[in-house]
Amino acid sequence: MIKRKLMQELWEDFVWHGQLHRAVKKEVREAWLRSKAYGVDPYIHRGTNVMSPSELKSLQLKKKEFISISLPLMEHLFSIVKGSGFLVILCDEHGRLIKMLGDKEPLRLAEKVQFLEGALWSEEAKGANGIGTCIARGKPTQIWEFEHYIQASHPWTCSAAPIRNSAGNMVGVLNMSGLGGKAHPHTLGLVVPSAEAIEKQLQMLEKSRGNEVKNRLLEVTTDTFAEGMIIIDTYGKIIKTNRVLQRIIQKKEHELLGKHVTDIFINRIFYDLPAIPNDLHQEIKLKLLNNLKQTHVLLTSKTIFQHSQKIGKLLTIKEIQRARPFIDPLSGSQEKVTFRDIVGKSKIIRKSKLEGKKAARSDSNVLLIGESGTGKDIFAQSIHNESKRKHKPFIVINCGGVPRDLLGSELFGYEDGAFTGTRRVGSSGKFELADGGTAFLNEIGEMSLEMQVVLLRILQEKEVVRIGGHKMIPIDVRIIAATNKNLHEEVEKGNFREDLFFHLNVIPIHLPPLREIREDIPLLAAHFIEKWAERWGKPFIKVSPSFYDTLQLYEWPGNIRELQHILEMALVRMSGCELGMEVLPADLSRI
């Protein structure tokens, strides 16, 4: 990012002399040229074109449904940054501000420059700015300080993302603005998933038009968030949960729906629901009925309204004493797996192991390519454990599994007070934790384009900045990435950045599917059978030839992972000391 003083000089060169420097970001250069063509005065110190109170009220009434859908997600986003000098703003498709949330002081400063509800901040009106340029580009956009075209906006940094309906038409913009010193490159990573969540709710609303608001709320994208979520009606009956909540309490959704919340939880707080405040943030030990296990969680509550009438509550439950959220158990405590532990004598697997051993002797980035279940994680561990970094951390980052609204803070860490109201003490991100060791980027093909840009910057500059911080932290991390996708095709489709692909694809290693190494299936099966028999204390197990023959004829769409599952099930089902075809699933025994 260009330093503030230099950026000011580049802006002055353009507005005073018409000189446009290549050092300015391409999207900003294009926005400045459009601003000049629109005849926008760059020396404006205060915005114009603000609606009267009656006009604003009329617009908000017209956009009432859009605002009511967006507001809970805006409140969730604001709860993350509350107290840190940010504003969360919802705009219509023309760039007119229709709803703002923020702390008192930044709202006062924004009002001084007419950045307030009812004001128009399109490029035609205010030149290059986060909202207007986002609309012009149709893409998530971040505009820093002197990248703004008019002087009124120079103290601010704006991060904006478009909101579209099911037809793909832009219906609004979600923006987060803060004074330049408060902003951070990862702020856009918080705005984009919130805008996408609003899009999903809008699209679901369009599909379910005519249903009651309560029923529409049941279908919101609760799985967008990292917390467990429960929606209850005014009587305390559970009408919706998400997968995170189901994991925390080890129950499936059908076991929860329709039950009173006190049929599941026995904490005193659940017995007096009307008394639970709307802005509750309380640490409790979650107690389940007929279950001795207690989980330390943060419980929050939000009241759900329909036309000013209370129709239920949204309860969120977040585990707060889990060891480093989203860091795989393999991180730092993995078994010392090496290539000697990889079973197989086929020509293909021997070639893959040889390439892996060569990769372990270098420090270049590795891309493991193979279908799900082919053992990419085992290969990654083996490369790390036979490299010079073997005594350093091995950190697993599941690019498809980490919730997008937490990617920034989990990957890059955050400083003390970065997110006032939710986290008080700063924390290292995963790349800092991996310093000196290896970062295993699993499911790299699932990473969003926004995060690909950030990852590329880290690979190029070898340093990270914590959210809420300004210090560049140098890191020495070896990257091993894995994918089950054809990244060449993903690059052609525009789903994966070509420059990032070239950075990762230094040493490509292809891992074969099980159906291509059928000669290794008896070796693998014998290995797993011996391991489980020893673990379970079973006596010597004899395996019939037909058992192995059947395994070799099957196509194995789930590869080695599926083979392990079926063998474990077969050992459980066997009654004697011999494994035969009768203990295999019907799909296999019919081959």
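Thresholds, definitions, all that
- Residues numbered from 1 in each chain as written.
- Predicted model: local features only at pLDDT ≥ 70, side-chain atom pairs only at ≥ 80, totals over all residues.
- Heavy atoms only, no water.
- Helix = DSSP H or I, 4+ residues; strand = E, 2+ residues; numbered from the N terminus.
- Buried < 20%, exposed > 50% of the residue type's maximum accessible area, 1.4 Å probe, protein only.
- Contact = heavy atoms within 4.5 Å.
- Areas by Shrake-Rupley, 256 points an atom, 1.4 Å probe, with all protein chains shown as cover.
- Pairing = 2+ DSSP bridges.
- Axes fitted to C-alpha atoms, helices over the stretch in contact; angles between N-to-C directions.
- Left-handed = near helix turned anticlockwise from the far one by under 90°.
- Nonpolar A, V, L, I, M, F, W, Y, C, P; charged D, E, K, R; others polar.
- 1 Å grid on protein atoms, 1.4 Å probe; cavity = no way out; pocket = protein on both sides within 12 Å on 5 of 7 lines; lining within 4 Å.
- Points joined across faces, edges and corners; volume = space filled by probe spheres on them.
- pLDDT = per-residue confidence, 0-100.
- Phe/Tyr/Trp six-rings, centres within 6.5 Å; stacked < 30°, edge-to-face > 60°.
- Lys NZ or Arg CZ within 6 Å of the ring centre and 35° of its normal.
- Expected span 1.5 Å × (residues − 1).
- Arc of directions from axis to C-beta.
- Patch = residues over 30% accessible without salt bridge, like charges linked within 9 Å, V, L, I, M, F, W, Y side chains within 5 Å.
- Salt bridge = Lys/Arg side-chain N within 4 Å of Asp/Glu carboxyl O.
- Core = buried A, V, L, I, M, F, W, Y, C linked by side-chain atoms within 4.5 Å.

**Side note on the overall build of the protein**
Along its length, the protein carries 21 helices and 21 strands. Taking all 591 residues of the protein together, 51% fall into the buried category. For the protein, long-range pairs separated by at least 24 residues make up 63% of all intrachain contacts whose partners lie at least 6 apart in sequence. When the accessible surface of the protein is split by element, carbon and sulfur atoms take 51% of a total near 28,700 Å².

**What to know about the pairing of strand E4 (residues 156-164)**
Within E4, eight of the nine residues are buried, leaving the element largely enclosed by the surrounding structure. Examined bridge by bridge, E4 and strand E5 (residues 170-179) share nine bridges and lie antiparallel to one another. Paired with threonine 157 across the bridge in E5 is glycine 178. Taken together, E4 and the strand that follows it, E5, pair antiparallel across an intervening segment of five residues, in which glycine 168 is found at a positive phi of about 85 degrees.

**Focus: the packing of helix H1 (residues 4-17) against helix H2 (residues 26-38)**
Put simply, H1 and H2 touch, their axes get as near as 12 Å, and they point 35 degrees apart. As H1 packs across H2, the resulting crossing turns out to be right-handed. Residues Met7, Leu10, Trp11 and Phe14 of H1 form the contact with H2, whose own contacting residues are Trp32, Leu33 and Lys36. Its residues assigned to classes, the contact of H1 with H2 shows six nonpolar, no polar and one charged.

**With respect to empty space enclosed by the protein**
Following the criterion strictly, the structure yields four cavities of 30 Å³ or more and no others. By volume, the largest cavity is sized at about 80 Å³. Partitioned by chemical class, the residues of the lining of the largest cavity number seven nonpolar, three polar and no charged.

**Observations concerning the sheet that holds strand E1 (residues 86-92)**
What the five strands build is an open sheet, ordered E2-E1-E5-E4-E3; its pairing is antiparallel. Each edge of the open sheet is held by one strand with a lone partner, namely strand E2 (97-102) and strand E3 (141-144). Averaged over all pairs of adjacent strands, the angle between strand axes in this sheet comes to 15 degrees, irrespective of strand direction. Note that E1 and E5 share seven bridges and pair antiparallel. Along E5, the bridge assignment pairs phenylalanine 86 with glycine 178.

**Things to note about the environment of isoleucine 342**
Take isoleucine 342: it is sitting in the loop between strand E10 (309-319) and helix H11 (347-361). Non-local contacts of isoleucine 342, meaning those with residues more than four positions away in its chain, are made with Lys353, Ile378, Phe379 and Ser382.

**What to know about the sheet that holds strand E11 (residues 366-369)**
Read across the sheet, five strands follow the order E12-E15-E18-E11-E19 without closing on themselves; strand pairing throughout is parallel. Every interior strand has two partners, whereas the edge strands, strand E12 (394-398) and strand E19 (507-510), have only one. Put simply, the sheet's adjacent strands are angled 20 degrees from each other on average, direction ignored. As defined by bridge partners, E12 adjoins strand E15 (residues 438-442) across five bridges and the pair is classed as parallel. Bridging from a neighbouring strand, isoleucine 397 pairs with leucine 441 of E15. The sheet strands contacting helix H12 (residues 376-385) are E11, E12, E15, strand E18 (478-483) and E19, and the helix crosses E11 at an angle near 155 degrees.

**Section: the confidence of the model for the protein**
Overall, the prediction assigns the protein a mean pLDDT of 84, with 87% of residues at 70 or greater. Scored below 50 in pLDDT, residues 210-214 makes four contacts in the model with residues more than four places away or belonging to other chains. The model gives residues 321-335 a pLDDT under 50, and that stretch makes 30 contacts with residues more than four places away or in other chains.

**Concerning the packing of aromatic side chains**
Throughout the structure, instances matching the rule amount to twelve aromatic pairs. Arranged with centres 6.2 Å apart and planes meeting at 70 degrees, the rings of phenylalanine 547 and tyrosine 548 form a pair that is edge-to-face. Exposure remark for phenylalanine 547: the relative accessible area of 0% places this residue in the buried category. A network of ring pairs unites the aromatic residues Trp11, Tyr43 and Phe146 as a single cluster. If you follow lysine 36 out to its NZ or CZ, it ends over the ring of phenylalanine 14, 5.3 Å from the centre. Taking the ring centre of tryptophan 121 as reference, the NZ or CZ of lysine 126 above it sits at 5.0 Å.

**Structural notes on the environment of isoleucine 238**
The topology assignment puts isoleucine 238 in strand E7 (residues 238-241). Separated by 15 residues in sequence, isoleucine 238 and glutamate 253 place their C-alpha atoms 9.9 Å apart. Residue contacts for isoleucine 238: discarding those within four places in its chain leaves Ile230, Ile231, Ile232, Leu256, Leu257, Gly258, Lys259, Val261 and Ile264.

**Brief notes about H2**
Taking 1.5 Å of rise per residue, 13 residues should cover 18 Å, and H2 covers 18 Å from first to last C-alpha, within 8% of that figure. Of all the residues in H2, the buried ones are Val28, Arg29, Ala31, Trp32 and Ser35. On an axial view of H2, the arc spanned by its buried residues comes to 165 degrees, and they lie on one face. Away from the buried face of H2 by more than 90 degrees, exposed residues Lys26 and Ala37 are located. Tucked into the core, H2 has its buried residues touching H1, helix H6 (123-126), helix H7 (130-137) and E3. Looking one or two residues past H2, glycine 39 carries a phi angle of roughly 80 degrees, positive in sign.

**Topic: a nonpolar patch on the surface**
Taken together, the side chains of Ile266, Tyr271 and Leu289 make up a nonpolar region of the molecular surface, amounting to roughly 290 Å² of accessible area. Looking at where tyrosine 271 falls in the secondary structure, it is placed in the loop between helix H10 (243-249) and strand E8 (281-287).

**Quick look at the nonpolar core**
Of all hydrophobic cores here, the largest spans 33 residues; its most connected members are Trp32, Leu97, Phe115 and Tyr149. Of all the secondary structure elements, the ones that give two or more residues to this core are H1, H2, E1, E2, H7, E4 and E5. It is H1 that contributes the most residues to this core, five residues altogether. With sequence-adjacent residues up to four places away left out, leucine 97 is seen in contact with Leu56, Ile89, Leu90, Cys91, Phe115, Leu116, Glu117, Gly118, Ala119, Trp121 and Ile131. Of all hydrophobic cores here, the second largest spans 31 residues; its members include Phe431, Leu441, Met447 and Phe496.

**Focus on helix H19 (residues 545-553)**
Burial in H19 covers these residues: Phe547, Tyr548, Thr550 and Leu551. Taken end-on, H19 shows its buried residues confined to a sector of 160 degrees, consistent with a single buried face. Residues of H19 that are exposed and point over 90 degrees away from its buried face: Pro545 and Leu553.

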